[in-house]
Amino acid sequence: TPVEGVFRLGASTPVCIESSDERMRWVADALDEVLQPVFGRGLECRFPQAGEPHAVNFLLDASMAPDAYRLMVTTERVDICAGAPEGAFYAVQTLRQLLPVEAFDGGVRTVELPAVEIEDRPAMAYRGLMLDVARHFFTVDEVKRTLDLLALHKMNVFHWHLTDDQGWRLEIHKYPELTRVGSVRRRTLIGKDPGGEYDETCRYDERPYGGFYTQEEVREVVDYAARRFITVIPEIEFPGHAVAALASYPWLGCTGEQYEVRQTWDIDDRVFCVGRDSTFDFIEGVLDEVIGLYIHIGGDECPTKMWEQCPHCRARMRAEGLTAPRQLQGYATKRVERFLQAHGRRLIGWDEILDGGVSPTAAVMSWRGTEGGIRAARQGNPVVMAPTTHCYLDYYQTDDVANEPLAWGGCLPLSKVYELDPYEGLDSLAQRCVLGVQANLWTEYIPDFAQAQYMLLPRLAAVAEVGWAPRRRNYDDFLRRMEHLRLLYGACGYRYAPHPFAH
Ligand code: TNX
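Reading the values: rules and limits
Residues numbered from 1 in each chain as written. Predicted model: local features only at pLDDT ≥ 70, side-chain atom pairs only at ≥ 80, totals over all residues. Heavy atoms only, no water. Helix = DSSP H or I, 4+ residues; strand = E, 2+ residues; numbered from the N terminus. Buried < 20%, exposed > 50% of the residue type's maximum accessible area, 1.4 Å probe, protein only. Contact = heavy atoms within 4.5 Å. 1 Å grid on protein atoms, 1.4 Å probe; cavity = no way out; pocket = protein on both sides within 12 Å on 5 of 7 lines; lining within 4 Å. Points joined across faces, edges and corners; volume = space filled by probe spheres on them. Nonpolar A, V, L, I, M, F, W, Y, C, P; charged D, E, K, R; others polar.

**Student:** Residue-level account of unusual backbone geometry, with values.
**Tutor:** Residue Pro239 is bonded to the preceding Phe238 through a cis peptide linkage, with omega at 5 degrees. Position of Pro239 relative to the elements: it lies in the loop between β16 (231-235) and α6 (243-248). Here the residue pair Leu457 and Pro458 is connected by a cis peptide bond, since its omega of 5 degrees sits within 30 degrees of zero. Locating Pro458 in the fold gives a position in the loop between α15 (449-456) and α16 (459-468). Here Glu206, not a glycine, exhibits a phi torsion of approximately 55 degrees, which is positive. Structurally, the position occupied by Glu206 is in the loop between β14 (203-204) and β15 (209-210). Here the phi dihedral of Glu301 falls at roughly 40 degrees; this positive angle occurs in a residue that is not glycine. Of note, Glu301 is situated in the loop between β17 (294-296) and α8 (305-309).

Spelled out as structure tokens, the structure:
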């Protein structure tokens, strides 16, 4: 609600925080970060007092939801009241959106904030982005800038796709070959993958490509995310998308033949052997070194062809009384989930984990449309909606493909992303199982961070709003508000796709 008048925020406006919660320091840091480009420095911060005139006052009120906030800007002062530090953090992001973009040029003495009363909170608890760092690698700094983007959009989950056929990107002390061998591919296909038909017309760049994160770097990223109230969910693909791991330790595959880290992008038949116990010893050893409450174990696109021919996998089927090879995936997933649960952690996987029979506790990420998510929610499993139809930001943004950088395919304009209804097809009981929504950025055709930004923005904003306010949407109003957000993108130095703004 707009109110008459403005508040003059200056470099000497004090920030007063009445709270003993340590994490309010992170909120004050966030405010500094927002104001740094405006004043060239942050504001002076005082603990623990609030209610000061001509100040930015922070207060926590435990009767509010942790992620809820009230933001009152009057001509006298700015009062931010939140249920917990995360709510206060979201208020700071809203404050950033209230700043006039001209102010971001720096060296400004005072800026005028319009007087407003805002009451706000997210409807969905999970508002995420998945970044694939396996197909193309992104540096720690680039990952941090991605987290900054999530913070700007009040999103709170970073799903980090760390392993795939084309590269293993996470240091594991117990299995050093994973990064020594598995993090580098000999060369990379140029152009669009013909889908298995690799002949002499295929061209490769003939350059080794690699990269991985040390565990220290991962801790740095997790800490950076936590200070922005973002949870990191690492993904270790199992049992499919495994070739980089098999190239590192050939005994993990059914045939044990010499594998090579993949240089092309289609689905590979060569997956983890789930007949041998040594495979489970391996994955448990890996997961022991992976941090996080939720562990994503992938589970997508896992062909059963090798299992059908493997004596160990066939013996496993007999021993477990399984009647179809696909059930081996259910067996493997449940076995890994038991291990995670015994260590106080929870499993999340792509919707294929439903096909082999899923435990009632596993969380399901629905990507092949929303059907898997609907099925899972109806049987009471926690669900995240990330369907290709609305959430695949690696797809083209217009149908003018010739004038766009090479992308996976499909056409997913901003308006379509915005249309996602994460509750469609679910009664109110099942709706409660839907934790939230997620955008996915697969990077087969996204070689660098500039292009990643171009694919993310502005479509990430649409996913963010679906998660924040799934029941209160109006595309024209969204587009109108995007005009300001795009200026903010520019002022923050982000690259974005211009299509939705070309009138
Ligand atoms: C399917 S989505 C995949 C990925 C690809 C993506 C391309 C999912 C769980 N698996 O391996 O990168 O399509 O859009």
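**Student:** Break down the environment of Ile267 for me, citing the residues and quoting the values.
**Tutor:** Among the secondary structure elements, Ile267 is positioned in the loop between α6 and α7 (277-288). We classify Ile267 as partly exposed; its relative accessible area is 43%. Distance in space between the C-alpha atoms of Ile267 and Leu9 is 55 Å, their sequence separation being 258 residues. Excluding anything up to four places from it in sequence, Ile267 contacts Arg262, Glu301 and Pro303.

**Student:** Lay out the layout of surface pockets in plain terms, naming residues and giving numbers.
**Tutor:** Its boundaries defined by the atoms lining it, the largest pocket holds a volume of some 1000 Å³. Lining the largest pocket are 30 residues, with Gln97, Asp120, Lys154, Glu465 and Arg481 sitting closest to its centre. Broken down by element, the lining of the largest pocket gets its largest block of residues, seven residues, from helix α17 (residues 475-491). When its residues are assigned to classes, the lining of the largest pocket shows 14 nonpolar, six polar and 10 charged. The computed volume of the second largest pocket comes to approximately 730 Å³. Looking at the second largest pocket, it is lined by 35 residues, and the ones nearest its centre are Asn156, Val157, Ile230, Thr231 and Val232. Listing elements by their share of the lining of the second largest pocket, those giving two or more residues are α2 (85-98), β8 (126-132), β9 (157-161), α5 (215-226) and β16. The class makeup of the residues in the lining of the second largest pocket is 25 nonpolar, four polar and six charged.

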